[in-house]
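Results of the structural survey
Read off the chains here:
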Amino acid sequence: HIFGALSTMTPRKNPGAYIEVYRRLPLALRKEHRLVIAGPAQKVDDFLPFTTPEALEEVAPYVDLAGVLNPEAMAEHYGSASVVLFPSKYEGFGLPMVAASACATDVVASNIPPFDEAASSVASLHPPDDYENMAKACQHFIEDAEGAPGRYETAVAWGRKFGYEVYAETMNQFLSEKISQGTSNKHGAGETV
């Protein structure tokens, strides 16, 4: 399946893009690779404010709404997906991209600045409204079995850079440096700057 994690149905998350990108895939591919969207949407019609009725009608038979998922279920979807689609217009970071990379899954996403930092070198990034090229990238990843092992290896190595162990080590190093700076900047009895 093609997997999308949509935490809220707001314009900044670009919910219509999931429908529009998926619509541009060949019908045969849609029949083999359903679009699964996790998040608050309870019915496919919840996407109507963000896309056209025609687009929704065309893809609705191949769309599954997974609801709000716990972390274990999210990891399962990231790991079993053919592609993770993440077309947001604005984000603070790109956690779904990191999670997909850690699970050795290809990523097609927006080329917004936070994603430039969060995406591995093998992710395919496009303007948030470039549905055509996002669809082409999804199709390429699904059909390129020969290139997949190299992409997966690169993606997993990238995803590991964001693990809890790395975070804890970085935070410990940062705090140690701050404590060290504080003790060397004393001005009088017990006062630090």
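Everything below is about the structure shown above.
Keep in mind it's a predicted model, so treat the numbers as computed, not measured. (Residues numbered from 1 in each chain as written. Predicted model: local features only at pLDDT ≥ 70, side-chain atom pairs only at ≥ 80, totals over all residues. Heavy atoms only, no water.)

Bringing the nonpolar core into the picture now. Core analysis: the biggest nonpolar cluster contains 46 residues, and Phe3, Tyr22, Leu35, Leu85, Met97 and Val108 have the highest contact counts within it. The leading source of residues in this core is helix H7 (residues 131-143), at six residues. Residues in contact with tyrosine 22, not counting those within four places in the same chain, are Ile2, Ala17, Arg30, His33, Arg34, Leu35, Val59, Tyr62 and Val63. (Core = buried A, V, L, I, M, F, W, Y, C linked by side-chain atoms within 4.5 Å. Buried < 20%, exposed > 50% of the residue type's maximum accessible area, 1.4 Å probe, protein only. Helix = DSSP H or I, 4+ residues; strand = E, 2+ residues; numbered from the N terminus. Contact = heavy atoms within 4.5 Å.)

Next up on the list: unusual backbone geometry. The residue asparagine 14 is not glycine, and still its phi comes out positive at about 60°. With respect to the secondary-structure elements, asparagine 14 resides in the loop between strand S1 (2-5) and helix H1 (15-23). Positive phi, normally seen in glycine, also occurs at alanine 104, with a value near 60°. Of note, alanine 104 is situated in the loop between helix H5 (95-102) and strand S5 (106-110).

Attention now moves to the sheet that holds strand S2 (residues 35-38). Across the sheet, which stays open at both edges, the six strands sit in the order S3-S2-S1-S4-S5-S6 with parallel pairing between neighbours. Two strands close off the open sheet at either side, each with one partner strand: strand S3 (63-67) and strand S6 (124-126). Across the sheet, the mean angle separating the axes of adjacent strands is 20° when strand polarity is ignored. Along the sheet face, H1 touches S1, S2, S3 and strand S4 (83-86) and points at about 170° away from the line of S2. (Pairing = 2+ DSSP bridges. Axes fitted to C-alpha atoms, helices over the stretch in contact; angles between N-to-C directions.)

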